[in-house]
Amino acid sequence: MRIAFSSIIAGAAFALTTPVIAQETSVTTPTSPPVAEKRDHSFTHHGITISDPYNWLEDKGYPEIDDEDVLEHLKAENAWFEAQMKPHQGLVDELFEEMKARIKEDDSTVPQRYGEFLYWSEFEEGAEYRKHYRRPLAGGDAQLILDENELAEGHEYFRLGAFSISKNGRMLAYSTDTSGAERYNAVVKDLTTGELLPDVIEGIRTGLTWVMNDSALVYGLADENWRTKAASLHVLGTPVSDDVELYRETADDGFNVGHGLSAQDDWLIIATGDNETSEVRIVPADNPTAEQILVKPRQKGVEYNIDIRDDLVWVHTNDDHVNFRLAVATVFNPDEWTTVIPGSDEFYLTDFDLFKDFYVTEGRLAGLDQVQIRDYDNTGKVTPIAFPEASYVAGLSNNPEYDQDKLRLSYESMVTPDSVYDYDVASAELELLKQQEIPSGYDPSLYTTERLMVTARDGTEVPVSVVMRKDRPKGPGPLHLYAYGAYGFAYPPNFSTTRLSLVDRGYAYAIAHVRGGDDLGRKWYLQGKLNERWNTFTDFSDVAKGLIEKGYTAKGQISASGGSAGGELMGVVLNTDPDLWGAVVAHVPFVDVINTMVNEDLPLTPGEWPEWGNPITDKRAFAYILSYSPYDQVVAQDYPPILVTAGLNDPRVTYWEPAKWVAKLREYKTDDNTLLLKTNMGAGHGGKSGRFASIYEVAEEFAFILTQMDAGE
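Presented here is an overview of the structure given in this document.

Describing the overall build of the protein chain
And then number 1: Looking only at helices and strands, the protein chain has 12 helices and 40 strands in total.
And then number 2: Against the globule reference of 27 Å for 713 residues, the protein chain gives a C-alpha radius of gyration of 25 Å, in line with a compact fold.
And then number 3: Referenced to the eigenvectors of the C-alpha coordinate spread, the extents of the protein chain come out at roughly 65 × 55 × 50 Å.
And then number 4: Looking at the protein chain as a whole, 60% of its 713 residues are labelled buried.
And then number 5: Of the contacts made within the protein chain by residues no fewer than 6 positions apart, 58% connect residues no fewer than 24 positions apart.
And then number 6: Carbon and sulfur atoms make up 47% of the accessible area of the protein chain, which totals about 27,900 Å².
And then number 7: Taking the 62 positively charged and 115 negatively charged side chains of the protein chain as two groups, their mean positions are separated by 3 Å.

Observations regarding the sheet that holds strand β37 (residues 558–563)
And then number 1: What the 8 strands build is an open sheet, ordered β33-β34-β36-β35-β37-β38-β39-β40; its pairing is mixed. Unpaired on one side and paired on the other, β33 (447–455) and β40 (675–680) mark the two borders of the sheet. Here the average twist between neighbouring strands, direction ignored, is 15°.
And then number 2: Relative to strand β36 (residues 508–512), strand β34 (residues 461–469) runs antiparallel, the two sharing 4 bridges.

With respect to the sheet that holds strand β32 (residues 429–435)
And then number 1: Read across the open sheet, the 4 strands follow the order β29-β30-β31-β32; overall the sheet is antiparallel. Single-partner strands in this sheet number two, and they are β29 (393–396) and β32. Strand-to-strand twist across the sheet, computed as the mean angle between neighbouring axes with direction ignored, equals 25°.
And then number 2: Two elements, strand β30 (residues 406–412) and strand β31 (residues 419–424), share 6 bridges in a ladder whose sense is antiparallel.

Some points on the side chain of Thr497
And then number 1: Structurally, Thr497 is set in the loop between β35 (479–482) and α4 (500–503).
And then number 2: When sequence neighbours within four positions are dropped, the list of residues in contact with Thr497 reads Arg102, Gln436 and Ile438.

Quick notes on the pairing of strand β22 (residues 312–317)
And then number 1: Of all 6 residues in β22, 5 are buried; the element is thus mostly enclosed.
And then number 2: Sheet topology note: the strand β21 (residues 304–309)/β22 ladder contains 6 bridges and is antiparallel. Across the sheet, Arg309 pairs through a bridge with Leu312, a residue of β22.
And then number 3: As paired strands, β22 and strand β23 (residues 325–330) are joined by 6 bridges and run antiparallel to one another. Bridge pairing links Leu312 to Thr330 in β23.

Concerning the packing of aromatic side chains
And then number 1: For the structure on display, the rule yields 29 aromatic pairs.
And then number 2: Relative to Phe495, the ring of Tyr442 lies with its centre 5.3 Å away and its plane at 70°, an arrangement referred to as edge-to-face. Highlighted residues: Tyr442 in the loop between β32 and β33 and Phe495 in the loop between β35 and α4, separated in sequence by 53 residues.
And then number 3: Centroid distance Tyr624 to Tyr628: 6.0 Å. Interplanar angle 80°. Geometry classified as edge-to-face. Of this pair, Tyr624 and Tyr628 both sit in helix α10 (residues 619–628), 4 residues apart, roughly one helical turn. A single burial state applies to Tyr624 and to Tyr628, both of which are buried.
And then number 4: Through successive ring pairs, a cluster of aromatic residues spans Phe387, Tyr392, Tyr411 and Tyr421.
And then number 5: Across from the ring centre of Tyr376, 3.6 Å away, lies the NZ or CZ of Arg309, which sits over that ring.
And then number 6: In this arrangement the basic side chain of Arg469 is found over the ring face of Tyr447, its NZ or CZ atom lying 5.5 Å from the centre.

Things to note about helix α1 (residues 68–85)
And then number 1: Compared with an ideal rise of 1.5 Å per residue, which puts 18 residues at 26 Å, α1 spans 25 Å between its outermost C-alpha atoms and is within 8% of the ideal.
And then number 2: When α1 is considered as a whole, its buried residues turn out to be Val70, Leu71, His73, Leu74, Lys75, Glu77, Asn78, Ala79, Trp80, Phe81, Ala83 and Met85.

Let's talk about the nonpolar core
And then number 1: In terms of nonpolar packing, the biggest core is built from 79 residues, with Leu481, Phe540, Trp581, Trp612 and Trp661 touching the most fellow members.
And then number 2: When sequence neighbours within four positions are dropped, the list of residues in contact with Trp612 reads Ala486, Tyr487, Leu530, Arg533, Ala565, Glu568, Phe590, Met597, Ile625 and Tyr628.
And then number 3: With 35 residues, the next largest nonpolar core counts Phe81, Ile438, Tyr447 and Leu676 among its residues.

Some remarks on a negative patch on the surface
And then number 1: A cluster of acidic side chains, namely Asp266, Asp286, Asp310 and Asp311, defines a negative patch on the protein surface.
And then number 2: Within the element layout of this structure, Asp286 appears in the loop between β19 (278–284) and β20 (293–296).
And then number 3: Residue classification places Asp286 among the exposed positions, given a relative accessible area of 54%.

A look at unusual backbone geometry
And then number 1: With a phi close to 55°, Asn213 is a non-glycine residue in the positive phi region.
And then number 2: Relative to the helices and strands, Asn213 is located in the loop between β13 (209–211) and β14 (216–219).
And then number 3: You will see that Phe324, though not glycine, has its phi angle at about 75°, which is positive.
And then number 4: Here Phe324 is to be found in the loop between β22 and β23.
And then number 5: Judged by relative accessible area, which is 6%, Phe324 ranks as buried.

Describing the side chain of Glu148
And then number 1: One can find Glu148 in helix α3 (residues 148–152).
And then number 2: Despite its burial, Glu148 pairs with no opposite charge; the closest candidate is Arg130, at 5.3 Å N-O.
And then number 3: Here Glu148 is in contact with Tyr129, Arg130, His132, Phe158 and Leu160, once residues within four sequence places are set aside.

Comments concerning the pairing of strand β9 (residues 159–165)
And then number 1: In this sheet, strand β10 (residues 171–177) lies alongside β9 in antiparallel orientation, the contact comprising 5 bridges. From the neighbouring strand, Phe163 faces β10, where its bridge partner is Tyr174.

Description of the packing of helix α6 (residues 534–549) against helix α7 (residues 565–576)
And then number 1: Closest axis-to-axis distance for the α6/α7 pair is 10 Å, and the angle between their directions is 65°. Compared by their axis directions, α6 and α7 come out roughly perpendicular. When the axes of α6 and α7 are compared, the crossing they make is right-handed. Between α6, through Trp534, Thr536, Phe537, Phe540 and Ser541, and α7, the contact on the second element is made entirely by Glu568, Leu569, Met570, Val572, Val573 and Thr576.

Points about the pattern of salt bridges
Pairing is possible between side chains that carry opposite charge, provided their charged atoms lie close to one another.
And then number 1: A full pass over the atoms with the stated rule returns 39 salt bridges.
And then number 2: Of the charged contacts, one joins Lys434 and Asp107 as a salt bridge, the two residues approaching to 2.6 Å between their closest N and O atoms. Separated by 327 residues along the polypeptide, Lys434 in strand β32 and Asp107 in the loop between α2 (89–101) and β5 (112–114) bring together distant segments of the chain.
And then number 3: Notably, a salt bridge pairs Asp369 with Arg364, separated by 3.9 Å at the nearest N-O pair. Neither residue differs from the other here; Asp369 and Arg364 are each classed as buried.

Details of helix α9 (residues 605–612)
And then number 1: Among the 8 residues that make up α9, 8 are buried, leaving the element largely enclosed by the rest of the structure.
And then number 2: Within α9 the residues assigned to the buried category are Thr605, Pro606, Gly607, Glu608, Trp609, Pro610, Glu611 and Trp612.
And then number 3: Among the structural elements, α5 (522–526), α7, α8 (593–597) and α10 are those in contact with the buried residues of α9.
And then number 4: Gly613, located one to two residues past α9, shows a positive phi value of around 105°.

Criteria and thresholds
- The written sequence of each chain sets the order in which its residues are numbered from 1.
- It should be noted that, the model being predicted, local features are given only for residues of pLDDT at least 70 and side-chain atom pairs only at 80 or more, the latter also being counted only at that level, while totals for whole chains, interfaces and linings use all residues.
- Just so you know, side-chain values use all the structure's heavy atoms and leave hydrogens and water out.
- We count a stretch as a helix when DSSP gives it H or I for four or more residues in a row; a strand needs E for two or more, and each element gets its number in order from the N terminus.
- Taken over C-alpha atoms, the radius of gyration is set against a globule rule of 2.2 Å times the number of residues to the power 0.38.
- Working definition: with a 1.4 Å probe on protein chains only, accessible area under 20% of the residue-type maximum means buried, over 50% means exposed, and in between means partly exposed.
- Whether two residues are in contact is decided by their heavy atoms: any pair within 4.5 Å suffices.
- Each accessible area value is a Shrake-Rupley result obtained with a 1.4 Å probe; residue values ignore everything except the protein chains displayed when judging cover.
- In this count, Lys and Arg are taken as positive residues and Asp and Glu as negative ones, while His and the chain termini are left out.
- A charged residue contributes its charge at one atom only: NZ of Lys, CZ of Arg, CG of Asp or CD of Glu.
- Pairing between strands is defined by DSSP: at least two bridges between them are needed.
- Between N-to-C directions, angles cover 0 to 180 degrees, with each direction set by a line fitted to C-alpha atoms, over the stretch in contact for helices.
- When the centres of two rings from Phe, Tyr and Trp lie within 6.5 Å, Trp using its six-membered ring, the rings pair. Their planes under 30 degrees apart give stacked, over 60 give edge-to-face, and anything left gives tilted.
- Counting as a charge over the ring demands two things of the Lys NZ or Arg CZ atom: a distance within 6 Å of the ring centre and an angle within 35 degrees of the ring normal.
- The span you would expect from a helix comes to 1.5 Å times its residue count less one.
- Put simply, a nonpolar core is a bunch of buried Ala, Val, Leu, Ile, Met, Phe, Trp, Tyr and Cys residues held in one set by side-chain atoms that sit within 4.5 Å of each other.
- Without a salt bridge and with relative accessible area above 30%, a residue can belong to a patch; like charges are then joined within 9 Å and nonpolar side chains (Val, Leu, Ile, Met, Phe, Trp, Tyr) within 5 Å.
- For this analysis, a salt bridge means a side-chain nitrogen from Lys or Arg found within 4 Å of a carboxyl oxygen belonging to Asp or Glu.
- Any angle between 65 and 115 degrees counts as roughly perpendicular, while under 35 counts as roughly parallel, over 145 as roughly antiparallel, and the rest as oblique.
- Crossing handedness is read from the near helix: turned anticlockwise from the far helix by less than a right angle, it gives a left-handed crossing, and turned clockwise, a right-handed one.

Written out as structure tokens, the structure reads:
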């Protein structure tokens, strides 16, 4: 099982607890943008003093936000956003209605077997959230086991976290977040009676793992610094105060703890690690308080994750090759690893799954997803699953059973809607079970997708995925460019119904697979982190210039967007290449990088140092981060139209980062172009949570892009 650490893939700096905000007051319609007061503040590191006059926007009582000056400024920015967008409300509504019309409102997932039941979820028409159902394999009526709409009632924000069915099918353990602060409360529901058990675990930040023959749960709490430092055991029916701590991470402040079960559900796997180093322990799932077995001690820079089948430990690791190898060992000598699949310069091995009669490896070859069926007894026998398009996203989907003869797969591309397949392992045949339905109509033959290579300034070839209508006029036209480029996350060339609202208006939509992601292997990621971070930023600008040279677009006809670490990317390229962009949208942008990375009291900062560098102890890291930190590098120049979003409850990129950045942009920019900040006062990192509320925010974003780009023509 692939253990998911409680770290993040985007942004930085978790909040300490759920922010408390003062009561909103009405704000009159403004006639000019708010100007933030400048207050003297500076700090010094390595002999370098940095002035930070907007530091006051960080409420010093955080996570309780009651500074009236701060709240009034955020409200003033929201009022300015509303005032500037009001003339375009018709376009926002038009975009929202067409996006909503592409959603099948009464949609459902494909049922999947687990134990003695089939499980699936459904949206009802008009509902923001899902209902979860099951039906006995032997036949019978469907049973509603969880209604997210009911749980979300009365809350501005709602997110379902863990959803864990006990192996015997009797219990459902689940967790919910109603603030966006990503601190979840867990409960247990008896599915035979429909009643909630008295067991309530507050403040978890991991999944819920059933052990001890479904009589107990393993979980991880967010501590006072919002780090998951331990795995604990709760026995049903006992006070939470009596829960037993199975493992606590004490050696490294940046490490977080995760947990899960092995393929046959017989071993509890407890893992600790950060973005570059890991360490795993195992213990029998029926006796989780027994003495744990350490698989191999941590070694800085070595990552590994494991699964177990018949007392054989399977290990996925980068210990001798940057693109990972697959090895095996016994549970009796788990640190003696024997290679099964060696590391490869061409094939990037990203994951593996063990089943009863075969195992599956996943990875990328030349940046394209690969799914391979492999034989336990014949290591040379590999059956790749073939996919038809030149650029696509494919992988294993929901496969909860160890004994399966069919694999559930997901597939999509920038032209092909989200598709669910069953792959028959014996016959090697794919069966399409469901493809995303678009009620308002969608004809894939009207669109084309391309995979281009653009040469960056250092000679590196950067892949770009593009989708557009076939009848788009030849020659330069409007183009939207998106990227993320951090934490080794390969942004997929996926399908998007909302994206069609730009494409159908003549835009080409491009995804730049810049360094910092691991699109072309682990080296691709390493070439965009720490002291090579600038590659991410220059790749993005060079892709824009390359698309101009190839005739897809022209300077000033490119809109761009990115979120979190991708918002950092937007901030950098706005400073370095402002004339390239016709409009830029930065979602919850990580832009106050140097301030965050020197503040070790912020909960996630120590865990982020392997990604960005530690500017507290390393003078070179300080200088390097300062060289690109968007807030610190704002200069007096013309900037294009910019829309920035933030979440008051955001525990990843705290609200003051975008607020300070916008304040400084207002001070320095020499143009009259639009600059807007919208802060969600009741949501977090992902914006609003309901399916319609979230696409309304996309409609606002696209309306901003379309109106600003039109104004610049």
